[in-house]
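Observations on the three-dimensional arrangement
Residues per chain, in single letters:
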Amino acid sequence: MIARAPFGRTGHDSSRVIFGAAALGAMRQDRADDLLDVLIDRGINHLDVAAMYGDAELRLAPWLQQHPDRFFLASKTKERTGDGARAELERSLDRLGVDQVDLIQMHSLVEPDEWEVAHGPGGALEALVRARDEGLVRFIGVTGHGLRIPAVHVRSLERFDYDSVLLPYNFSLMKNEGYRADVERLLAVCDERGVAVQTIKSLARRRWPSDYEGPRFSWYEPLSDPEAVARAVRFVLARPGIFLNSSSDARLLVPTLDAADGGPVPPTEELETDQVTQGVEPLFDGGDLEHV
């Protein structure tokens, strides 16, 4: 069974691996239902979905009806205006077949102009606070990609007392001195305030090569070597208190859970070797490669 930890100050003990429901976006219901059995068997009790994840909300709806009290349900909106965020939230509630989500997150909030709109009068945050007051959501978080996001999250936490943040975290990224310093600053703020920290891109290998013609189940190419996958997962979970959101490539779910279910913290030397043998390359560069 996957270990659990307090999800910030929410009062919920979440599995340290959170199921990333982006994996369901283009999946048939019967295939999605097979994954539910895996999640229940391994003790996963936290689901993360978003309005922009294809049909993922529809695939989750039967699960939530069958198991109404089993999962902490998180969703996202990429709308920046209040009216847009409210409409997207209501649509998500309808598609999920629920009256409330536990966590609503402003998704990929990085760019300064979008940040100002979302936090300004009539912006998305204002609408989400109102939705919380009405009982449509319980908690509010913020997510993002790229090298700038840890510093942006700190700024967001200065503007509003968010309940959770989400950001990329893996061995390759944490070798970047500037990124690591910003992450450490963010984690210190979150630890002080009881803000939950979710991580993504734990299994990132590189951007897809331009000549790759095979199936793509995530926007980046993930690691595929089982031992490298296991070390990448254990590197993230070696950090106490943070959570790992599983990949949108459903083929990696069971290897991720197997790695999270026990095993040693990988030595730095082995992680360094994986960087070379697996051809790991940066996903983000602070500029042109910031956006997915």
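Our structure is the block above this text.
The structure reproduced in this document is the subject of the present report. (Residues numbered from 1 in each chain as written. Predicted model: local features only at pLDDT ≥ 70, side-chain atom pairs only at ≥ 80, totals over all residues. Heavy atoms only, no water.)

A tally of regular secondary structure across the protein gives 11 helices and 12 strands. Taken over the C-alpha trace, the protein has a radius of gyration of 18 Å; the compact-globule value for 292 residues is 19 Å, and the two agree within 12%. Considered along the principal axes of its C-alpha atoms, the protein spans approximately 50 × 40 × 40 Å. Among the 292 residues that make up the protein, the fraction classed as buried is 56%. Pairs at least 24 residues apart make up 75% of the contacts formed inside the protein by residues separated by at least 6 positions. Carbon and sulfur atoms make up 48% of the accessible area of the protein, which totals about 12500 Å². The protein carries 33 positive and 48 negative side-chain charges, and their two centres are separated by 0 Å. (Helix = DSSP H or I, 4+ residues; strand = E, 2+ residues; numbered from the N terminus. Rg over C-alpha atoms; globule rule 2.2 N^0.38 Å. Buried < 20%, exposed > 50% of the residue type's maximum accessible area, 1.4 Å probe, protein only. Contact = heavy atoms within 4.5 Å. Areas by Shrake-Rupley, 256 points an atom, 1.4 Å probe, with all protein chains shown as cover. Lys, Arg positive; Asp, Glu negative; His and termini not counted. Charge placed at Lys NZ, Arg CZ, Asp CG, Glu CD.)

Residues spaced three or four apart along an α-helix point in a common direction, a consequence of the helix completing one turn every 3.6 residues. In a regular helix each residue adds 1.5 Å, so 17 residues correspond to 24 Å; helix α8 (residues 177-193) covers 25 Å between its end C-alpha atoms and thus fits that length. Its side-chain oxygen at 3.1 Å from the backbone nitrogen of G178, N176 defines the N-terminal cap of α8. Positive phi shows up at G194, right after α8, with a value of about 75°. (Expected span 1.5 Å × (residues − 1). Polar contact = N/O pair within 3.5 Å; in protein donor to acceptor, adjacent residues only side chain to side chain.)

A separate point is the pairing of strand β7 (residues 137-143). Within β7, six of the seven residues are buried, which leaves it mostly tucked inside the rest of the structure. Where strand β6 (residues 101-106) meets β7, five bridges bridge the pair, whose relative direction is parallel. Considered in β7, the bridge of I104 is made with I140. As paired elements, β7 and strand β8 (residues 164-168) share three bridges and run parallel to each other. Pairing of V142 across the sheet is with V165, part of β8. (Pairing = 2+ DSSP bridges.)

What follows covers the nonpolar core. Among the nonpolar cores identified, the biggest contains 86 residues, and F19, L24, L60, W63 and M106 are the most heavily contacted of them. Here the element with the most residues in this core is helix α9 (residues 226-237); it accounts for eight residues. Once residues within four sequence positions are removed from consideration, L60 is found in contact with A21, L24, L47, V49, L73 and L96. Core analysis: the second largest hydrophobic core is formed by nine residues, F7, F72, F139 and A196 among them. (Core = buried A, V, L, I, M, F, W, Y, C linked by side-chain atoms within 4.5 Å.)

Our focus in this paragraph is the pattern of salt bridges. Summed over the entire model, instances satisfying the criterion amount to 24 salt bridges. One salt bridge connects E158 with R185, and the closest N-O pair in it is separated by 3.9 Å. Pair noted here: E158 is in helix α6 (residues 149-159) and R185 is in helix α8, with a separation of 27 residues, a long-range link. Owing to a relative accessible area of 55%, E158 belongs among the exposed residues under this scheme. Residues joined by salt bridges that share partners form a network here, namely D55, E57, R59 and R95. (Salt bridge = Lys/Arg side-chain N within 4 Å of Asp/Glu carboxyl O.)

The next point concerns the packing of aromatic side chains. Counted by the stated rule, this structure contains nine aromatic pairs. Arranged with centres 5.9 Å apart and planes meeting at 25°, the rings of Y169 and F235 form a pair that is stacked. Of the two residues, Y169 is situated in the loop between β8 and α7 (171-174) and F235 in helix α9; the sequence distance between them amounts to 66 residues. For the pair Y169 and F235, a shared accessibility class is recorded, and that class is buried. Taken together, a centroid distance of 6.1 Å and an interplanar angle of 55° make the contact between W219 and F284 tilted. Remark: F284 occurs in the segment after α11 (268-277) and W219 occurs in the loop between β10 (204-207) and β11 (220-222); sequence separation between them is 65 residues. Here R155 stacks its cationic end above the ring of W115, 3.6 Å away from the centre of that ring. (Phe/Tyr/Trp six-rings, centres within 6.5 Å; stacked < 30°, edge-to-face > 60°. Lys NZ or Arg CZ within 6 Å of the ring centre and 35° of its normal.)

Once that is clear, we can look at the packing of helix α3 (residues 82-96) against helix α5 (residues 124-133). Any two packed helices are characterised by the angle at which their axes cross and by the distance between the axes. Two elements in contact, α3 and α5, have axes whose closest approach is 7 Å; the angle formed by their N-to-C orientations is 45°. Taken together, α3 and α5 sit at an angle that is classed as oblique. Between α3 and α5 lies a crossing whose hand is right-handed. Where α3 approaches α5, its residues G82, A85, R86 and L89 are matched on the opposing element by A124, A127, L128 and A131. For the contact of α3 with α5, a count of residues per class yields six nonpolar, one polar and one charged. (Axes fitted to C-alpha atoms, helices over the stretch in contact; angles between N-to-C directions. Parallel < 35°, antiparallel > 145°, perpendicular 65-115°, else oblique. Left-handed = near helix turned anticlockwise from the far one by under 90°. Nonpolar A, V, L, I, M, F, W, Y, C, P; charged D, E, K, R; others polar.)

Where α6 meets α8, the closest approach of the two axes is 8 Å, and the angle between their N-to-C directions is 30°. Considering their axes alone, α6 and α8 lie roughly parallel with respect to each other. Crossing of α6 over α8 shows left-handed handedness. Residues I149, P150, A151, H153, V154, L157 and E158 of α6 touch α8, and the partners they reach there are Y179, D182, V183, R185, L186, V189, C190 and R193.

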